[in-house]
Amino acid sequence: GLHCARSMSTAPPSEDDPSLLIVVLDVHPVLWGGKALDASGSSLDPSTFMEHVQLFLNAYLMLSPQNMLAVIASKPNECVYLYPPSLSTGTSTMSSEGSNPASHIIERYRHLGDSNSATSPEGSSTNLSAALSLALCYAHRIGNAPRPSGGVVRSRVLAIQMGHDTSAQYIAVMNCIFSAQRQGTIVDGCVLGQPSMFLQQ
């Protein structure tokens, strides 16, 4: 992952501080149409993968009642929030509310899959830089929001990438990495398709 040190002007975080995890999911309609491969070279079933994501998110939320979550779906031409509901559906529900956030994410993912168009060119890739920018903006917003209990929000981004890197995004992705370093956000990469030089930086 990209471990980016926090600014010297910010108090060092402690284990008791609230944690924010922002997951960026590559939902390229063509690659998820049965053409993606896992690490062993076998076909990766998107439904099974999302079940594992759901288990992971539930486990993360169970670690602490203060843990917060956001999930961003990255498509070739746009990035959309799957969670929190206040950003994914336009309701006033806060990210800490909701009895089962992971189930809400799965429901939104399925709805997104139904609306995905299969007309995306096979050679296209998702807009990783835009998704990372959205994630960092959200982390900055949450980190600067007043908190009655005080403490520093420990932000982390997990980018799950299926598509390949595109050279046109190199500068934008590097700018996101530098921004993450400045605001003290850790960026981890989980690459399910071709190796990503961007997420190895």
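What this report covers is the structure whose coordinates are included nearby. Think of each chain on its own: its residues are numbered from 1, step by step along the sequence as written. Two thresholds apply to this predicted model, a pLDDT of at least 70 for residue-level local features and 80 or more for giving and counting side-chain atom pairs, whereas whole-chain, interface and lining totals are computed over all residues. Note that the side-chain values use all heavy atoms of the structure and ignore hydrogens as well as water.

This part is about the packing of helix H5 (residues 128–144) against helix H6 (residues 170–183). H6 packs onto H5 with a crossing angle of 20 degrees between their chain directions and a minimal axis gap of 9 Å. On the basis of the axis angle, H5 is roughly parallel to H6. In terms of crossing hand, the pair formed by H5 and H6 is left-handed. In this structure, H5 contributes Leu-128, Ser-129, Leu-132, Ser-133, Leu-136, Ala-139 and His-140 to the contact, and H6 contributes Ala-172, Val-173, Cys-176, Ser-179, Ala-180 and Gln-183. Gly is placed with the polar residues, together with every amino acid not listed as nonpolar (Ala, Val, Leu, Ile, Met, Phe, Trp, Tyr, Cys and Pro) or charged (Asp, Glu, Lys and Arg). Of the residues belonging to the contact of H5 with H6, the class tally is 8 nonpolar, 5 polar and no charged. Working convention: axes come from line fits to C-alpha atoms, limited for helices to the stretch in contact. Angles between N-to-C directions cover 0 to 180 degrees. Numbering of helices and strands runs from the N terminus, with a helix taken as a DSSP run of H or I at least four residues long and a strand as a DSSP run of E at least two residues long. By the definition adopted for this analysis, an angle is roughly parallel if under 35 degrees, roughly antiparallel if over 145, roughly perpendicular if from 65 to 115, and oblique otherwise. Each crossing is labelled by how the near helix is turned from the far one, with a counterclockwise turn of less than a right angle marking it left-handed and a clockwise turn marking it right-handed. Two residues qualify as a contact provided that any one of their heavy atoms is within 4.5 Å of a heavy atom in the partner residue.

In a helix, the anticipated span is given by 1.5 Å times the number of residues less one. Spanning 17 residues, H5 covers 24 Å between terminal C-alpha atoms, matching the ideal 24 Å at 1.5 Å per step. Listed in full, the buried residues belonging to H5 are Leu-128, Ser-129, Ala-131, Leu-132, Ala-135, Leu-136, Tyr-138, Ala-139 and Ile-142. We call a residue buried when its accessible area falls under 20% of the maximum for its residue type, exposed when it is over 50%, and partly exposed in between, using a 1.4 Å probe and counting protein chains only.

Going from Tyr-83 to Pro-84, the amide bond is cis rather than trans, its omega being 10 degrees. Along the chain, Pro-84 falls in the loop between strand S3 (79–83) and helix H3 (85–88).

Put simply, a salt bridge is a Lys or Arg side-chain nitrogen that is within 4 Å of an Asp or Glu carboxyl oxygen. Summed over the entire model, instances satisfying the criterion amount to 2 salt bridges. Residue Glu-78 is joined to Lys-75 by a salt bridge in which the shortest nitrogen-to-oxygen separation is 3.0 Å. Accessibility expressed as a relative area gives 38% for Glu-78, which makes it partly exposed. The class for Lys-75 is buried, based on a relative accessible area of 10%. A salt bridge links Asp-188 to Arg-156; the shortest N-O distance between them is 2.5 Å. In this pair, Asp-188 sits in strand S5 (residues 186–191) while Arg-156 sits in strand S4 (residues 154–161), placing the two residues 32 residues apart along the sequence. The class for Asp-188 is buried, based on a relative accessible area of 17%.

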